[in-house]
Structures are given as C-alpha cells and as structure tokens.
Amino acid sequence: MTQLRRQRNVKIVATLGPASDSAEMIRALYIAGADVFRLNMSHGTQDDIARRHGAIREVEAEIGRPIGILADLQGPKLRCGVFANGPETLEAGSKFRFDLDPTSGDATRVCLPHPEIFAALREGATLLVNDGKIRVRVTEVSPDHADTVVEVGGEISNRKGINVPDVVLPLAALSKKDRSDLEFVCDLGVDWLALSFVQRAQDVFEARELADGRAAIMSKIEKPAAVTAFTEILEASDGIMVARGDLGVELPVTSLPPIQKRLTRACRNAGKPVIVATQMLESMITAPVPTRAEVSDVATAIYEGADAVMLSAESAAGDFPVEAVTTMNDVAVSVESDEVYRQVIESARTPSRHSVADAITVAAREVAETTNVKAICCFSHSGTTALLAARERPKVPIIALTPLVSTARRMALSWGLHCVVTAEVDRFKLAVVNAARAAREHGFATDADRIIVTAGIPFGQPGSTNILRVAPCDEKKIYAGGGED
C-alpha cells in the first residue's frame, strides 16, 4: 500500500473512453497517477457508463484505495438544423437567418429549434457557430427567427453547436437526458455530479434536489453568466470545474488566465475543491510527449493552488493515455518540489477566519510546520474537517480518515488528502489510535514519530471540528497518555 502513496498534493482526473475503458487500462492509469475518473455522459450509452463504473470499482477493490468517480452531465446543447446541399460557406458581411422552420437550410438560413433563444435575444447580440469559428451579430429578432449579419465567416454544416455569450438564456441546466442520466449514475453510486452550462445558483439547487445527497455537486464554469454569478454559484456548489473550452469560445481567450486564477483562489478560500480542465495536454492525443506550452499550462494551474488538473480526450480517446497521466504526475511532482511553489501557495493563504473549526485547522498547520510532526490526521464523517485542512495547504501530508467509503471517495478529489477508510469510533482516543495506525501503515510515520489529530466532538456532526491533539504514533504511549476522554 505504501507504494501507492502519491508524491504530490494536486490530484489528477482522467476521463475514460474508448481508449481506456478496460479494468486493465484503468488500473494502469491509477498506478500512473489518476486519482479520480471522469465518466463523460456526452459520449457512450448508459450501458457503457455502467461498464466503466464497474471496472473502476473492480480496480478499487483490488488496489485497496478509495477512488473517486465524477459523472459529467451533458447539459443543454444548442445546435442548428441540417442543410439540404451539405456544408455552406458564410461570407463576412452577408446576411443569414436562424428560424423555427424545420425544413433543410441553405446559404441564407437554417433551423434553430430553440424558441427560448429567440425570446431572449436582443438586437446587437452575438451568436457563435461551430466553437466560435463563425461569428454573427443579430440585426433583427422576432419570436420565430433572428436575422443576422456575418462578422466572421466560415463553413457551417449539419447540427453545429450554437453559443449565445451575451444573453442569460431561459434554459434549465438539466435537460431531459440529463435528468435520466443523473438518476442513472446516482443509482450506480458515483461520487460527484458535474453540471454543464450552469448560469445561476438556481441551476445547482435543482440538481442538488434531484441528487438528494447521493453525490456531491460540481458546477462547471463555462458561460459568461456563470463568471458574473460566480460568488452565488460557488456558495451553492460542493466544487467547481474551470471548463476552459466553452468558456474560451464565449469569452475572449485572453480573459481566461485571470478568470482561472480568480476562480481558483476563491474556491480555495471557500475550502471547496476546484478542477482546472480542457486542453491541458491536448497534443498528447496523438503524440507521446507534450509541448512545452502545455507543460507550462499544467504547471500554472498547480502553482495557483488548484485541487486537481484534468485530462479529457488525452486519456479517453488518445493514443497515449498512460503517458498523458504519467506526464501530468511528473509535472506536478516537479512543481511541488520547487521552493517558489511553497512561496506562492503561502502568499495566497487568506488569514481571516472566525469559527472554532477554522482556528483549530490553522493551529494544526502552524504546529505541524513549527515542530517535528509527520502528518495532520483528520477524522471526519462528512469530510468537512479534512477540507478545512486542505484549504490551509500545509507542508506536511494530510491523512483524511473516515468510516464512510463514500466520504473517502469524494475527498479523493481534494488537494493533499490521502484518504483512508477506518473503523467507526465513538471516543477521541480511538480516533487517535486509528490515525496513528494509518500513519504507520501508509508510510507516513514510524512508532518514533508524532502526528496531529483533529476531529469534531461529538462525532458525526458536520462542521464541528473542535479538538486537536499532538499524539505519538506508538499506541502504548497513546493509551498511557489518558486525559482525552
């Protein structure tokens, strides 16, 4: 088990797909460094998703370590209709109409089967076609059509995606397909649900009600409206994904770096995990090594303090999935060994905390960093105690202990948490004993070392972190100490 202890704090999310859906490949990806696996509901049938889920749990049982599973819902996809004569080329300056007429389109018009878009559009709004390759401006709008002028031309063809960056659309974040998929993956037992095209906090509330506690909710930030409403969305969510693909279509690409940095820091201050995603090692879909720019991109996210970095097509459909995970792992190890990394991480720490739980967590980090303590051990049912410890980004390892395998799997996404499923306890002394055993068995400490243990007493009450002990790893000394019950 010791050999599976990661030599880094940032976590790696690997998307599964045709290149990586066997138990053998999933095991290889985990050994290479993947901590969480993403199931993309936009690709594959529910049977495919169930098979991949089962393979992950098979590997988990074999390896004996909790593995997180993230189901990424497709979200409402806006697409145009089809064209009678195949692809058409729209020239800059020409006029083009989107309407509700279901007949095949031509060089002057095409169906856009979304009346809610026409209801929300205004003159001057921008429509983006085919990932932003074509840009048109609305000159006139009615309940059943929108006339536009082409500002950036290009080829348009059947069922290309449409983005509406200027308008908050009256669309639910969960389509009929999403609701079916949500119920399906919650019944399977996934740990996280990623919501696509979130625009407002209400979208998160709706998903949370449907999930009914069966999975944590992660909001994907890929719409300008979500950036504007980010404070409310973050508060409503359990985690955030900075989904730079669609965000980079709807906003100027030059705005992405500061948005990524701002969102990452806000998530850390809130103690909620954040994933940086999309095109991180894109060239490794077809090449065994990344570009220098891609390595720098991954490194930047790690320096910023992201909880996790994510691979998409690189691991799902690429020619070198294991090499991509290995590369990401190696970049993380290299960055985190740099003394500048610690300086950046510590300079971004927010000092103002007000609760007892905050004070205990800060004290644990400060004691760990000023004494010879080998690890901070957090005993938690809900994961709250461990998330607070991760927010502090301490220099020493964090062991997150919980009697609930569901909590351990969910925490596998968070920065620095080495998750261990342990026996249920009803006394703090037993929690200390379990923490000492875990620290020894997982290679963090020996009998001669000391650890810090934090927990909430009484056990089982989320957010009640209120006790800290510096304890020996020698169980005889723990029992001889007394005084903590």
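Cut-offs and rules
- Residues numbered from 1 in each chain as written.
- Predicted model: local features only at pLDDT ≥ 70, side-chain atom pairs only at ≥ 80, totals over all residues.
- Heavy atoms only, no water.
- Helix = DSSP H or I, 4+ residues; strand = E, 2+ residues; numbered from the N terminus.
- Rg over C-alpha atoms; globule rule 2.2 N^0.38 Å.
- Buried < 20%, exposed > 50% of the residue type's maximum accessible area, 1.4 Å probe, protein only.
- Contact = heavy atoms within 4.5 Å.
- Areas by Shrake-Rupley, 256 points an atom, 1.4 Å probe, with all protein chains shown as cover.
- Lys, Arg positive; Asp, Glu negative; His and termini not counted.
- Charge placed at Lys NZ, Arg CZ, Asp CG, Glu CD.
- Pairing = 2+ DSSP bridges.
- Axes fitted to C-alpha atoms, helices over the stretch in contact; angles between N-to-C directions.
- Phe/Tyr/Trp six-rings, centres within 6.5 Å; stacked < 30°, edge-to-face > 60°.
- Salt bridge = Lys/Arg side-chain N within 4 Å of Asp/Glu carboxyl O.

A.B. asks: What exactly am I supposed to notice about the overall build of the protein chain here?
C.D. replies: Each helix and strand counted, the protein chain has 18 helices and 21 strands in total. Relative to a compact globule of 485 residues, whose C-alpha radius of gyration would be 23 Å, the protein chain shows 24 Å and is just as compact. For the protein chain, with 485 residues in total, the buried portion stands at 58%. Pairs at least 24 apart in sequence give 67% of the contacts found in the protein chain among residues at least 6 apart. Element-wise, carbon and sulfur atoms account for 52% of the exposed surface of the protein chain, whose accessible area totals about 19300 Å². Separation of charge centres in the protein chain, based on 54 positive and 64 negative side chains, amounts to 5 Å.

A.B. asks: For this particular structure, what's the right way to read the sheet that holds strand β18 (residues 398-402)?
C.D. replies: Think of a sheet as strands paired side by side through backbone hydrogen bonds, with each pair either parallel or antiparallel. Taken in spatial order, the five strands make up an open sheet running β19-β18-β17-β20-β21, and their pairing is mixed. Whereas interior strands pair on both sides, the edge strands pair on one side only; in this sheet they are β19 (417-421) and β21 (465-472). Between one strand axis and the next, the sheet turns through 25° on average, direction left out of account. The strands that helix α14 (residues 356-370) touches are β17 (373-379), β20 (450-456) and β21; relative to β21, the one it contacts most, it runs at about 20°. Contacts from helix α15 (residues 384-391) reach β17, β18, β19, β20 and β21 within the one sheet, and its direction differs from that of β17 by about 140°.

A.B. asks: Got a minute to help me understand the packing of aromatic side chains in this structure?
C.D. replies: Any aromatic ring pair is given by two values, namely how distant the centres are and how the planes are angled relative to each other. For the structure on display, the rule yields three aromatic pairs. Their ring planes at 75° and their centres at 5.2 Å tell us that F96 and F98 sit as a pair that is edge-to-face. Assigned by exposure class, F96 and F98 land together as buried.

A.B. asks: I tried to follow the sheet that holds strand β12 (residues 192-195) on my own but got confused; where do I start?
C.D. replies: As summarised here, the arrangement of the eight strands in space is β1-β2-β3-β12-β13-β14-β15-β16, forming a closed barrel in which the pairing is parallel. Strand-to-strand, the axes of this sheet are offset by a mean angle of 25°, without reference to chain direction. Across four bridges, strand β1 (residues 11-16) lies against strand β2 (residues 36-40) in parallel orientation. Of the residues in β2, the one forming a bridge with V13 is V36. Helix α2 (residues 46-63) contacts β1, β2 and β3 (68-72) of the sheet and is inclined by roughly 170° relative to β2. Docked against the sheet, helix α5 (residues 201-211) engages β12 and β13 (216-221), running at close to 150° with respect to β13.

A.B. asks: Which parts of the structure should I look at to understand the pattern of salt bridges?
C.D. replies: A side chain with one charge may pair with a side chain of the opposite charge, provided their charged atoms come close. Throughout the structure, instances matching the rule amount to 33 salt bridges. Here R409 and E60 are joined by a salt bridge, their closest N and O atoms 2.6 Å apart. Highlighted residues: R409 in helix α16 (residues 405-411) and E60 in helix α2, separated in sequence by 349 residues. No difference in accessibility class separates R409 from E60, as the two residues are buried. The shortest N-O distance in the salt bridge between E392 and R365 comes to 2.8 Å.

A.B. asks: Quick question: what am I supposed to make of the environment of D35 here?
C.D. replies: Within the secondary structure layout, D35 lies in the loop between α1 (23-32) and β2. In the structure, D35 is positioned 254 residues away from V289 in sequence and 21 Å away in space, judged by C-alpha atoms. Beyond its immediate sequence surroundings of up to four residues, D35 is in contact with R6, R8, V10, K11, I12, I67, G68 and A412.

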